[in-house]
Amino acid sequence: VFKACLSPVKTMIEYKRKLHYLNISVFLQSQTFMFPISLLFYQYCGLSVGDFFLFQGIFSLAALLLEVPMGYLADIFPKKNILALSYVFVIIRDLLWLFLAQYGYWIILLGEILYAAYKTSFSGVPDSYIYEYLKIQNVSNKMIKHYGKMNFFMMLGTSFSSVIGAGIYAVISEYTLEKYNCNYGFIILIYLELLLNLIAICLLFRLPQLPQQSSFRTSLKKHI
């Protein structure tokens with residue numbers, strides 16, 4: 001009788017623990033230390049203020065154009081895989097900016113397009129994953145609670161990194177300029193983002209792979 005009573009409690013603890021992995025992963029991945037100093041990074045790489053605003057426009061356009069194909073991929077592939085793919089886009093961007101930023105214009109632009117791919121592939125996927133996972137556990141009525149927690153961790157990560165990113169850059173750049181006559185502020189922040197994204201993608205592997213929704217035949221018009 002004791003074991004029978006304990007089983008539902010154990011199951012509840014287990015499903016909550018799995019969602020904690022998702023929350024922590026989202027928190028780590030949303031650390032955008034480069035965001036408050038992105039204009040300075042552009043100028044450091046030889047680009048102008050005009051280039052910065054042009055690239056932001058291209059970023060928005062790319063995000064718009066990628067919305068449909070990325071949403072389609074999220075419907076036909078497991079949500080966990082799409083989440084991992086979105087993280088990979090950021091990791092590739094960070095690697096490009098770390099090792100090829102000296103080539104300037106096209107590398108920075110490619111990094112912005114990759115970040116747009118991340119935004120569109122990530123959008124809507126974690127909440128869909130949460131709902132499908134809760135539905136399997138027969139607790140879909142708790143969706144709002146867990147969706148709210150996930151959003152809290154995501155916003156916390158973004159706001160935390162945005163607040164301290166500029167401060168970290170200022171301290172590191174001042175120190176390295178004085179000691180080595182070279183500004184390593186951007187490099188350290190990109191390395192930090194890269195490290196956190198790698199940890200975040202490792203946490204995704206702790207999530208269960210959800211069964212795919214049954215596919216159905218439909219017309220090309222419906223697919224589009």
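Heads up: the structure comes first, above all this text.
A brief look at the structure comes next.

## Digging into the packing of helix α4 (residues 79–99) against helix α6 (residues 125–136)
For the pair α4 and α6, the least separation of the axes is 9 Å and the interaxial angle reads 155°. When the axes of α4 and α6 are compared, the pair comes out roughly antiparallel. For the element pair α4 and α6, the recorded crossing hand is left-handed. Every residue of α6 that contacts α4 at K79, K80, I82 and L83 is listed here: V125, P126, S128, Y129 and E132. A breakdown of the residues in the contact of α4 with α6 according to their chemical character gives 5 nonpolar, 1 polar and 3 charged.

## Digging into the nonpolar core
By size, the foremost hydrophobic cluster in this structure holds 60 residues, and its most contacted members are L22, F41, I108 and L204. At the level of elements, α1 (2–29), α2 (38–44), α3 (49–76), α4, α5 (105–122), α6, α7 (143–180) and α8 (185–204) are the ones that each hand at least two residues to this core. Residue contributions to this core peak at 10 residues, all from α4. For F41, the residues in contact, after removing those within four places along its chain, are M34, W97, A101, I108, F186 and I190.

## Here we look at unusual backbone geometry
The phi dihedral of N138 falls on the positive side, at around 60°, and the residue is not glycine. If you trace the backbone, N138 turns up in the loop between α6 and α7. The exposure class of N138 is exposed, given its relative accessible area of 69%. Although it is not a glycine, N181 sits at a positive phi angle of roughly 60°. Structurally, the position occupied by N181 is in the loop between α7 and α8.

## Remarks on α8
Here α8 contains 20 residues, and its C-alpha end-to-end distance of 29 Å stays within 8% of the 28 Å for a straight helix at 1.5 Å per residue. When we look at burial in α8, the residues that qualify are G185, F186, L189, I190, E193, L194, L196, N197, A200, I201, L203 and L204.

Reading the values: rules and limits
Residues numbered from 1 in each chain as written. Predicted model: local features only at pLDDT ≥ 70, side-chain atom pairs only at ≥ 80, totals over all residues. Heavy atoms only, no water. Axes fitted to C-alpha atoms, helices over the stretch in contact; angles between N-to-C directions. Helix = DSSP H or I, 4+ residues; strand = E, 2+ residues; numbered from the N terminus. Parallel < 35°, antiparallel > 145°, perpendicular 65-115°, else oblique. Left-handed = near helix turned anticlockwise from the far one by under 90°. Contact = heavy atoms within 4.5 Å. Nonpolar A, V, L, I, M, F, W, Y, C, P; charged D, E, K, R; others polar. Core = buried A, V, L, I, M, F, W, Y, C linked by side-chain atoms within 4.5 Å. Buried < 20%, exposed > 50% of the residue type's maximum accessible area, 1.4 Å probe, protein only. Expected span 1.5 Å × (residues − 1).

None of the figures reported here should be taken as evidence of function without further support.
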